[in-house]
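# Working through the structure, step by step
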Amino acid sequence: MDTFHPDIQRALAQEESLSHHDPLREVLLEKARRHGIEEAIAESLFETAAVLYRPECRELPPEVHALAQGIDHTYLTVTEHDRFIDVSQVIRLCREAGKWGTASVCVRPTKVALARHLLDRWNRRDIAVCTVINFPQEKGGRGRILPEKECIEEARAAQRDGASEFDVVIDYEALLRGDTQRAYWSIQCVADAVKSHDAGAIVKAILETAKLRKHGGVLALSAACTAAIGGGADYLKTSTGYAP
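These numbers were taken from a predicted model, which means no experiment stands behind them. Every chain is numbered independently, its residues counted from 1 as its sequence is written. This being a predicted model, a pLDDT of at least 70 is required before a residue's local features are given, and a value of 80 or more before pairs of side-chain atoms are given or counted; all residues contribute to the totals for chains, interfaces and linings. Excluding hydrogens and water, the side-chain values take into account all heavy atoms of the structure.

### Digging into the pattern of salt bridges
Keep this limit in mind: Definition used for salt bridges: Asp or Glu carboxyl oxygen within 4 Å of a side-chain nitrogen of Lys or Arg.
Enumeration over the complete set of coordinates arrives at 11 salt bridges. By sharing partners, the salt bridges in this structure join D72, E165, D167, K204 and K237 into a single network.

### Overview of the sheet that holds strand β6 (residues 235-237)
Going by this rule: Each pair of strands is called paired provided DSSP finds at least two bridges between the two strands. Helix and strand assignments follow DSSP, with helices taken as H or I runs no shorter than four residues and strands as E runs no shorter than two, numbered in order from the N terminus. Axis definition: a line fitted to C-alpha atoms, over the contacting stretch in the case of helices. Angles run 0 to 180 degrees between N-to-C directions. The contact criterion used is simple: two residues touch if any of their non-hydrogen atoms lie within 4.5 Å.
Ordered by their spatial adjacency, 6 strands build an open sheet running β1-β2-β3-β4-β5-β6, and the pairing between neighbours is parallel. The open sheet is flanked by β1 (72-75) and β6, the only strands paired with a single partner. Pairwise comparison of adjacent strand axes, ignoring direction, gives a mean angle of 25° for this sheet. Helix α6 (residues 112-121) rests against β2 (104-107) and β3 (128-133) of the sheet, and its axis sits at about 170° to β3.

### A short note on unusual backbone geometry
Going by this rule: Using a 1.4 Å probe on the protein chains alone, a residue whose accessible area is under 20% of its type maximum counts as buried, one over 50% counts as exposed, and one in between counts as partly exposed.
Backbone geometry at N123 places phi at a positive 55°, although glycine is not the residue there. On the accessibility criterion, N123 (52% relative accessible area) is exposed. At E208, a residue that is not glycine, the phi angle is positive and equals roughly 55°. Of note, E208 is situated in the loop between β5 (202-206) and α10 (209-230).

### Examining helix α7 (residues 148-161)
This is how the line gets drawn: For a helix, the expected span equals 1.5 Å multiplied by the residue count minus one. In this context, the arc is that of the directions from the helix axis out to the C-beta atoms.
The end-to-end C-alpha distance of α7 is 20 Å, a good match for the 20 Å that 14 residues give at a rise of 1.5 Å each. Taken together, the buried positions of α7 are C151, E154, A155, A158, Q159 and D161. Buried positions in α7, seen along its axis, are confined to an arc of 160° and lie on one side of it. Counted as exposed and oriented over 90 degrees from the buried face of α7: K149 and R160.

### Overview of the packing of α7 against helix α9 (residues 180-197)
Defined as follows: With respect to orientation, any angle under 35 degrees is reported as roughly parallel, any angle over 145 as roughly antiparallel, any angle of 65 to 115 as roughly perpendicular, and every other angle as oblique. Handedness of a crossing follows from how the near helix is turned relative to the far one, being left-handed for an anticlockwise turn of less than a right angle and right-handed for a clockwise one. Amino acid classes used here: Ala, Val, Leu, Ile, Met, Phe, Trp, Tyr, Cys and Pro are nonpolar; Asp, Glu, Lys and Arg are charged; the rest, including Gly, are polar.
One way to put it is that α7 packs onto α9 with a least axis distance of 9 Å and a crossing angle of 30°. Classified by the angle their axes make, α7 and α9 are roughly parallel. Note on packing geometry: the crossing formed by α7 with α9 is right-handed. Where α7 approaches α9, its residues E148, C151, I152, A155, R156 and Q159 are matched on the opposing element by R182, W185, C189, V190, A193, V194 and H197. By residue class, the composition of the contact of α7 with α9 is 8 nonpolar, 2 polar and 3 charged.

### Here we look at α6
When you tally the buried positions in α6, you get 8 out of 10 residues, the bulk of the element. All buried positions along α6 are accounted for by V112, A113, L114, A115, R116, H117, L118 and L119.

### Overview of the pairing of β2
Burial along β2 is two-sided: the face carrying S104 and C106 and the face carrying V105 and V107 are both buried. The pairing of β1 with β2 spans 4 bridges and is parallel. Opposite Y75, over in β2, you have V107 as the bridge partner. Strand direction decides the pairing type here: β2 and β3, joined by 4 bridges, are parallel. Bridging from a neighbouring strand, S104 pairs with A128 of β3.

### Notes on the side chain of E208
Operational definition: Working convention for charge: Lys and Arg count positive, Asp and Glu count negative, and His plus the chain ends are omitted. The definition of a polar contact used here is a pair of N or O atoms within 3.5 Å, where within protein one atom must be able to donate a hydrogen and the other to accept one, and adjacent residues in sequence count solely through side-chain atom pairs.
Despite its burial, E208 pairs with no opposite charge, the nearest such side chain being K211 at 5.7 Å. Here the side chain of E208 touches T240 through a polar contact of 2.9 Å, side chain to side chain. E208 has contacts with Y172, T238, S239, T240, G241 and A243, leaving out every residue within four places of it along the chain.

### Overview of the packing of α9 against α10
Across the interface, α9 lies against α10 with an axial gap of 8 Å and an inter-helix angle of 40°. The angle between α9 and α10 falls in the class oblique. Where α9 crosses over α10, the handedness of that crossing is right-handed. In this structure, α9 uses T180, A183, Y184 and I187 to contact α10, whose residues at the interface are A223, A227, A228 and G230. Its residues placed into classes, the contact of α9 with α10 shows 6 nonpolar, 2 polar and no charged.

Bear in mind that shape data such as this cannot, by itself, settle questions of function.
Here's what the structure looks like:
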């Protein structure tokens, strides 16, 4: 049976929509249009998988549990040649998070619904779903700094899908140009958007410190911290890990 749960169809279809005239996207959309018994079978298959992959929660020593509670368990790879790999890896990620009790899972915006759905099915609502904004598509790539309107739309869509934490890459290129106001707004636009809907939403600013220090020195790092905190970031993170 080659049907998939609607959340998986949705995640794949959203990823594939980034490519034009992709036949796989049309296949997935056609699957999503089907109804009746096939949908019931697809739901049953997903429920079975959810049972088979249900994590066994570990009893951890207090110090290990405290450590796990400080981890954002993360999968942000985009596999161009096979999107199904990323879906299976997100399922594995959520299972590991449920097993060890990490603070959150961090995934691309298009995988938020899938991650939240799995964790809810496994009664792990204590594990948050985090997503990324302005994040590079590949290692060595530049940050995908979006216009403010697009950042807000992407963050709100992820929030509707179940994200409650948002890792936002600050506009470090603006900082290197001396435009601290633009860097400030790159954080504030997301913080205002998600916190207006959920006051408990968490925003973490990714500063890309290696690039800032290399091209702007300590003053650029200081300006980045000031802009991020002023823009409403709850935490600061050093880098994406994707920068060259």
